[in-house]
Amino acid sequence: MTFAQHWDAAVSTSGDRPFLIFEGPDRSVSQWTYREFDEAVTRMAATLAASGVTPGSSVHVVLRNCPAFIAIWLACARSGAWMVPVDPTSTARDISRHLDRVRPAAGICAASRADVYAAGVKESAAGRLATVELAETAAGVSGAAGRTATATGPAVAPTDRLAVMFTSGTTSEPKGVVLTQHNYAHVADTMSAIVGLRPEHRWLVTLPLFHANAQYYCIAPAIAVGASVALTSTFSASQWLRQARDPLPLTSGISAP
C-alpha cells in the first residue's frame, strides 16, 4: 500500500472518530475528526497547487509542531509531491543550503519567522521561491479556505518519493535520506502491530514533527488503525505530566513521550 491509501482508508472507515487534538502555545485546545481534517488536507493541497507544486515536485517545510505540518504531509502524500521537513530553528544559511540541494517548487514557513526564511531564499542560488507563510496554530490549516481542489489526487505508487529528511550533520555534511510512500505505509503497519494500537487509543506526541520518530512511530501508526493523536506545540518537561493527565475531549489512551 501507499501512505496515501492509508489516509484515505482511515477517512473512509473512521471519518467521525477523533484524529487530531492540538494544544497550542497558549494552551488552547483544538480538535478534528478524520473527516474534518481531510477537508483541511484538501484545502492545503489547493494552496500547494496554487504555489506551483505538482506531482513529483518538492515542498520545503520549516514549521514547528502544528496542524498545518500534518496537513502538508498528507497533501503531499495524496498529490504525489514530496516534502523536505527541516529544523524550524534553521538559520538563513541552513535554509539556503537546503534550497540549493532540493530545489523545491515551494517553501512553507512560519509567519513569525518569515524574515529568516526570506533571507535564506535570497542567499540561495535561485534567489526566489514561491513561499507560503502559515500560523503555527489551529488557524494555520484554515488559511486556504475558499480555495477548491479535488479530494482525489493522481495515482501514486509505493515506490514514489514522499519525503527527504536530512541527517543531523554532527559528524559530516548532512545527508538527505529518501523515504517512499511504501516506507511510511510499512512502518505504520509494523509499529501499530508491535504496540497493539487500537482505534480507541491516543498517542501523546511531544516530539518534533520534522524528526522521523514523531512521523514514523506515532502519527503514521495512528492513521493505520484509526487511532487519535494529541499533539503539543513543543516539548516541556514541566508541562508533560499535566498534558498527559488533562482530560482532553473524547477518549484518552496510550501515550508516547
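It should be emphasised that the depicted structure is a prediction, and the values quoted were computed from it without experimental measurement.

Explain the pairing of strand E6 (residues 130-134) to me, please; I cannot follow it from the model alone.
Within a regular strand, side chains alternate between the sheet's two faces. With 5 bridges joining them, strand E5 (residues 106-110) and E6 adopt parallel strand pairing. Note on E6: the bridge partner recorded for Ile108 is Val132. Between the parallel elements E5 and E6, the chain passes through helix H5 (residues 114-123) in a crossover that is right-handed.

Looking at this structure, how should I read the pattern of salt bridges?
A side chain of one charge can pair with a side chain of the opposite charge when the charged atoms of the two come close. Applying the stated criterion to the full structure yields 7 salt bridges. Residue Arg113 is joined to Glu136 by a salt bridge in which the shortest nitrogen-to-oxygen separation is 2.7 Å. With a gap of 23 residues between them, Arg113 in the loop between E5 and H5 and Glu136 in the loop between E6 and strand E7 (161-166) connect regions that are remote in the sequence. Each of the two residues, Arg113 as well as Glu136, counts as buried. Between Glu200 and Arg198 there is a salt bridge whose closest N-O contact spans 2.5 Å. Because the salt bridges share partners, they merge into one network encompassing Asp8, Asp38 and Arg78.

Help me understand the packing of aromatic side chains, please; the structure alone is not making it clear to me.
Given two aromatic rings, their pairing is described by the distance between the two centres and the angle made by the two planes. What the rule picks out here adds up to 11 aromatic pairs. Consider the rings of Tyr216 and Tyr217, whose centres lie 5.7 Å apart with planes at 85°: the pair is edge-to-face. For Tyr216, a relative accessible area of 17% corresponds to the buried category. Overall, the relative accessible area of 34% leaves Tyr217 in the partly exposed class. If you follow Arg161 out to its NZ or CZ, it ends over the ring of Trp82, 4.5 Å from the centre.

Is there a simple way to think about the nonpolar core in this case?
Across soluble globular proteins, nonpolar side chains show a tendency to be buried alongside one another. Phe37, Ile70 and Tyr184 are the most contacted members of the largest nonpolar core, which has 61 residues in total. The leading source of residues in this core is helix H3 (residues 67-79), at 10 residues. Apart from the residues lying within four places of it in its own chain, the contact partners of Phe37 are Trp7, Phe19, Leu20, Trp32, Pro67, Ile70, Ala71 and Leu74. Val86, Leu99, Cys109 and Tyr117 belong to the second largest nonpolar core, which has 13 residues in total.

Where do I start with the layout of surface pockets in this structure?
Over the atoms rolls a probe the size of a water molecule, and in doing so it shows where empty space is left. Approximately 520 Å³ is the volume found for the largest pocket. Lining the largest pocket are 20 residues, with Phe166, Thr167, Ser168, Pro174 and Phe210 positioned closest to its centre. When contributions to the lining of the largest pocket are tallied by element, the ones reaching two or more residues are helix H4 (92-102), E7, strand E8 (176-180) and helix H7 (212-225). Considering every element that reaches the lining of the largest pocket, the biggest residue donor is H4, with 4 residues. A per-class count over the lining of the largest pocket returns 10 nonpolar, 5 polar and 5 charged.

Please explain the packing of H3 against H7 as it appears in this structure.
For any two helices packed against each other, one specifies the inter-axial angle together with the distance between the axes. Between H3 and H7, the shortest axis-to-axis distance is 13 Å and the interhelical angle comes to 70°. Comparing their axes, H7 and H3 come out roughly perpendicular. Residues Phe69, Ile70, Trp73 and Leu74 of H3 form the contact with H7, whose participating residues are Gln215, Ile219, Ala220 and Ile223. Looking at the contact of H3 with H7, its residues break down into 7 nonpolar, 1 polar and no charged.

Please explain H3 as it appears in this structure.
Structurally, the α-helix is built with 3.6 residues per turn, so residues lying three or four positions apart point the same way. Helix length check: H3, at 13 residues, gives a terminal C-alpha distance of 18 Å against a target of 18 Å (1.5 Å per residue), a fit within 8%. In terms of residue burial, H3 counts as a mostly covered element, since 12 of its 13 residues are buried. Taken residue by residue, H3 has Pro67, Ala68, Phe69, Ile70, Ala71, Ile72, Trp73, Leu74, Ala75, Cys76, Ala77 and Arg78 as its buried positions.

Explanation requested: the sheet that holds strand E2 (residues 29-33) in the structure shown.
A sheet is described by the order of its strands in space; here 4 strands give the open sequence E2-E1-E10-E9, paired in mixed fashion. Whereas interior strands pair on both sides, the edge strands pair on one side only; in this sheet they are E2 and strand E9 (202-205). Neighbour-to-neighbour, the strand axes of this sheet turn through a mean angle of 15°, independent of strand direction. Packed on one face of the sheet, helix H2 (residues 34-50) meets strand E1 (18-23) and E2 and runs near 95° to E2.

Is there a simple way to explain the environment of Ala119 in this structure?
Secondary-structure assignment places Ala119 in helix H5. In sequence terms Ala119 and Arg93 are 26 residues apart; their C-alpha atoms lie 8.3 Å from each other.

Explain the environment of Ser28 to me, please; I cannot follow it from the model alone.
Inspection of the secondary structure assignment puts Ser28 in the loop between E1 and E2. Considering only alpha carbons, one finds Ser28 and Thr137, 109 residues apart in sequence, at a separation of 9.3 Å. Look past the residues within four positions of Ser28 in its chain and what remains in contact with it is Phe22 and Glu23. Of the polar contacts made by the side chain of Ser28, one reaches the side chain of Asp26; its length is 2.6 Å.

Thresholds, definitions, all that
- Residues numbered from 1 in each chain as written.
- Predicted model: local features only at pLDDT ≥ 70, side-chain atom pairs only at ≥ 80, totals over all residues.
- Heavy atoms only, no water.
- Pairing = 2+ DSSP bridges.
- Helix = DSSP H or I, 4+ residues; strand = E, 2+ residues; numbered from the N terminus.
- Right-handed = clockwise from strand over helix to strand, strands pointing away.
- Salt bridge = Lys/Arg side-chain N within 4 Å of Asp/Glu carboxyl O.
- Buried < 20%, exposed > 50% of the residue type's maximum accessible area, 1.4 Å probe, protein only.
- Phe/Tyr/Trp six-rings, centres within 6.5 Å; stacked < 30°, edge-to-face > 60°.
- Lys NZ or Arg CZ within 6 Å of the ring centre and 35° of its normal.
- Core = buried A, V, L, I, M, F, W, Y, C linked by side-chain atoms within 4.5 Å.
- Contact = heavy atoms within 4.5 Å.
- 1 Å grid on protein atoms, 1.4 Å probe; cavity = no way out; pocket = protein on both sides within 12 Å on 5 of 7 lines; lining within 4 Å.
- Points joined across faces, edges and corners; volume = space filled by probe spheres on them.
- Nonpolar A, V, L, I, M, F, W, Y, C, P; charged D, E, K, R; others polar.
- Axes fitted to C-alpha atoms, helices over the stretch in contact; angles between N-to-C directions.
- Parallel < 35°, antiparallel > 145°, perpendicular 65-115°, else oblique.
- Expected span 1.5 Å × (residues − 1).
- Polar contact = N/O pair within 3.5 Å; in protein donor to acceptor, adjacent residues only side chain to side chain.

Nothing here speaks to function; it is geometry throughout.
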